[in-house]
Amino acid sequence: VFKSKNDELFFEQVPSSQSGGFVESVPRQYIFGKLFAHVLGYVGEVDENEINIQNAQSKDENFGIGDVIGKMGVEKTYDRTLRGKNGRQLAEVDALGSVVRILGKVDPSAGRSVTLNLDLDLQQAASDALSDAKGAVIATIPQTGEVLVLYSSPSFDPNLFINTKGISSLLSDPAQPLFNRVISGTYPPGSTFKLVIALAALESGAITPETMYEDTGVLQLGEFSFGNW
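Since we're looking at a predicted model, the values are computed, not measured.

Novice: Where do I start with the packing of aromatic side chains in this structure?
Specialist: Tallied over the full model, the rule gives four aromatic pairs. A centroid spacing of 6.4 Å and a plane angle of 85° characterise the contact between Y42 and F156, whose relative ring orientation is edge-to-face. Taken together, the residues Y42 in the loop between α1 (37-40) and β4 (43-45) and F156 in the loop between β9 (146-153) and α6 (167-171) connect sequence positions 114 residues apart. The exposure class of Y42 is buried, given its relative accessible area of 16%. Each member of the aromatic cluster is reached from another via a ring pair, and the members are Y42, F156 and F161.

Novice: What is the right way to read helix α5 (residues 120-130) from this model?
Specialist: Among the residues of α5, those classed as buried are Q123, A126, S127 and L130. Looking straight down α5, one finds that the buried residues subtend no more than 100° of arc, so they occupy a single side. Away from the buried face of α5 by more than 90 degrees, exposed residues D121, D128 and A129 are located. Of the surrounding secondary structure, the elements contacted by the buried residues of α5 are α1, β8 (135-141) and β9. Of the residues that open α5, the one with a side-chain oxygen 3.0 Å from the backbone nitrogen of D121 is D119. Residue S131 follows α5 closely and has a positive phi angle near 55°.

Quick notes on the rules
Here, residues in each chain are numbered from 1, in the same order as that chain's written sequence. Given that the model is predicted, a residue must reach a pLDDT of at least 70 before its local features are reported, and side-chain atom pairs must reach 80 or more before they are shown or counted; all residues, however, enter totals for whole chains, interfaces and linings. Side-chain numbers come from the whole structure's heavy atoms, not from hydrogens or water. When the centres of two rings from Phe, Tyr and Trp lie within 6.5 Å, Trp using its six-membered ring, the rings pair. Their planes under 30 degrees apart give stacked, over 60 give edge-to-face, and anything left gives tilted. Only runs of H or I of at least four residues qualify as helices and only runs of E of at least two qualify as strands under DSSP, and these elements are numbered from the N terminus. Each residue is assigned to one of three classes by its accessible area relative to the maximum for its type, calculated with a 1.4 Å probe on protein chains only: buried under 20%, partly exposed between the two thresholds, exposed over 50%. Arc definition: it is the arc formed by the directions from the helix axis to the C-beta atoms. By the convention used here, residues are in contact when the closest approach between their heavy atoms is within 4.5 Å. Here a polar contact is taken to be a pair of N or O atoms separated by no more than 3.5 Å, where protein atoms must pair a possible hydrogen donor with a possible acceptor and residues adjacent in sequence count only if both atoms sit in side chains.

As structure tokens, this is what we get:
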């Protein structure tokens, strides 16, 4: 992308109608927007604390102001794998700042790809089912631990973090779209969990389909009494 002095972004090429200096960079483009936002996360410029931590952990690469790092989700967890290494160039310039000659150059190296087990169709189905309601959906394969669906609603568009002008609206939104309700929310399991307990009891032989219990409204556990809400 090409970024103008007033923070306008132009992808792939600068319009001929624009003039002035531009900063060239390579940003993320999240093609599915809100659909995978809480899984993939987003990237952003490192702060001073992150620079100190990263430089202390890596002897091969030094971070500096302006470098981009994963801030959330897969972007953060697999940051070193995805990011690659920056290139460097040493140039001789004249008094006006114009480049006279290149004295040295180190080419950048690309990061590696990461393949996830997420199912696009199932993820879309979870998004459609929740719409903009608050909630979370996760679907896994228990035998392997593969995560097929991980969706938190309401979601957000991680492309907003390419140009920080849109972030303030996310932070002030009372629906908290940045909050990942799948892994960060704490909720009582509710009556739906009774199915899990009943199935385990049936399979283990602790009960049969004919077993009956009387619900007195209070569960006694030692000295403690728990009321049936």
